[in-house]
Amino acid sequence: MEAVVAKYEIGEYVLYGLSGSCLVSDIGPVDFADPSIIYYHLKPVSDMKSTIFVSMKRESDIIRRVISADEADKVLAEVKKVGKAIYTPKREACDPILKSGDDVAISQMIKLLRYMRKENRKIHKSLNIMEEKILKDAERVFFSEMATAFSMSMEEVVAKVGDTLDI
């Protein structure tokens, strides 16, 4: 059997799907699967009690490493300049953006949905269930990466930069 070289290392933080920032806590086989298959063991920052197992065969499902604090500062500077996204927030349009790792595009989605929520409240309505779910997913992805980059809790990051995403 050939030795498998991992793209990511134990102790690194990576972006994974709608889970957002995750700690690579281990790399190895799992008890419940074929012992010849190697998995990344990912702990989502938003729920460190959970573990996600990603086969090295599906390593491409991991979006990328989490950005540094300097890169996060640059992202936040850009986020302050951009407006809300201009599209109808449907799951089929939003999922590719959420899984892209593009923090600015994700922030625009958050701005759009927060704006829609604010406008709907004026007429005593709320976002529909799917829009609320998309907003929650987008905030988890965005804030978990910022929290990791700045070595802060999610709550601290929301308090620090949350207003930047309101229009």
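Criteria and thresholds
- Within every chain, residues take consecutive numbers counted from 1 along the sequence as written.
- Thresholds applied to this predicted model are a pLDDT of at least 70 for local features of residues and 80 or more for the giving and counting of side-chain atom pairs; totals over whole chains, interfaces and linings are not thresholded and use all residues.
- With hydrogens and water excluded, all non-hydrogen atoms of the structure serve as input to the side-chain values.
- In DSSP terms, a helix is any run of H or I states spanning at least four residues, a strand is any run of E spanning at least two, and both are numbered starting from the N terminus.
- Buried, partly exposed and exposed residues are distinguished by accessible area as a fraction of the type maximum, computed with a 1.4 Å probe on protein chains only: under 20%, between the cut-offs, and over 50%, respectively.
- Accessible surface is estimated by sampling points in the Shrake-Rupley manner with a 1.4 Å probe; for residues, cover comes only from the protein chains shown.
- It only takes one pair of heavy atoms within 4.5 Å for two residues to be counted as in contact.
- In predicted models, pLDDT denotes the confidence assigned by the predictor to each residue on a 0 to 100 scale.
- Being paired, for any two strands, means DSSP has found at least two bridges between them.
- Multiplying one less than the number of residues by 1.5 Å gives the expected span of a helix.
- What qualifies as a polar contact is a pair of N or O atoms within 3.5 Å, subject to a donor-acceptor requirement within protein and to the restriction that residues adjacent in sequence count only when both atoms come from side chains.
- The rule is short: rings of Phe, Tyr and Trp, with Trp giving its six-membered ring, pair when the centres are within 6.5 Å, and they are stacked under 30 degrees, edge-to-face over 60, tilted in between.
- Only when the NZ of Lys or the CZ of Arg is both within 6 Å of the ring centre and within 35 degrees of the ring normal is a charge said to sit over the ring.

### Points about the overall build of the chain
Within the chain, the regular secondary structure consists of five helices and five strands. The linear arrangement of helices and strands in the chain, starting from the amino end, is β-β-β-β-β-α-α-α-α-α. The C-alpha extent of the chain, read off along each of the three principal axes, is 60 × 30 × 25 Å. Scored against the burial criterion, the 167 residues of the chain give a buried share of 47%. On the chain, roughly 9,300 Å² of surface is accessible, and the fraction owed to carbon and sulfur atoms is 53%.

### Considering the environment of Ala 69
The residue Ala 69 is located in helix H1 (residues 69–81) in this model. Linking Ala 69 and Val 54, residues 15 residues apart in sequence, is a C-alpha distance of 26 Å. Leaving out residues up to four positions away in the same chain, Ala 69 has contacts with Ala 149 and Phe 150.

### Examining the confidence of the model for the chain
Residue-level pLDDT values for the chain average 93, and 98% of them are 70 or greater. Taken element by element, the predicted model of the chain shows its lowest mean pLDDT in helix H2 (residues 91–98) (93) and its highest in strand E1 (residues 13–16) (98).

### A few points about the pairing of strand E3 (residues 39–44)
For E3, the buried fraction is high: five of the six residues fall into the buried class. Pairing of E3 with strand E4 (residues 52–55) involves four bridges; the strand directions are antiparallel. Its bridge partner being in E4, His 41 is matched across the sheet by Phe 53.

### Looking at helix H3 (residues 103–122)
Its 20 residues give H3 an end-to-end C-alpha distance of 29 Å, which sits within 8% of 28 Å, the value for a rise of 1.5 Å per residue. The buried fraction of H3 amounts to 14 of the 20 residues, a majority that puts the element mostly inside the structure. Its side-chain oxygen placed 3.1 Å from the backbone nitrogen of Val 104, Asp 102 serves as the N-cap of H3. His 124, located one to two residues past H3, shows a positive phi value of around 60°.

### Quick look at the packing of aromatic side chains
Centre distance and the angle of the planes are the two values used to describe a pair of aromatic rings. Applying the stated criterion across every chain, the model contains three aromatic pairs. Positioned over the ring face of Tyr 115 is Lys 84, at 4.5 Å from the centre of the ring. Taking the ring centre of Phe 150 as reference, the NZ or CZ of Lys 160 above it sits at 4.1 Å.

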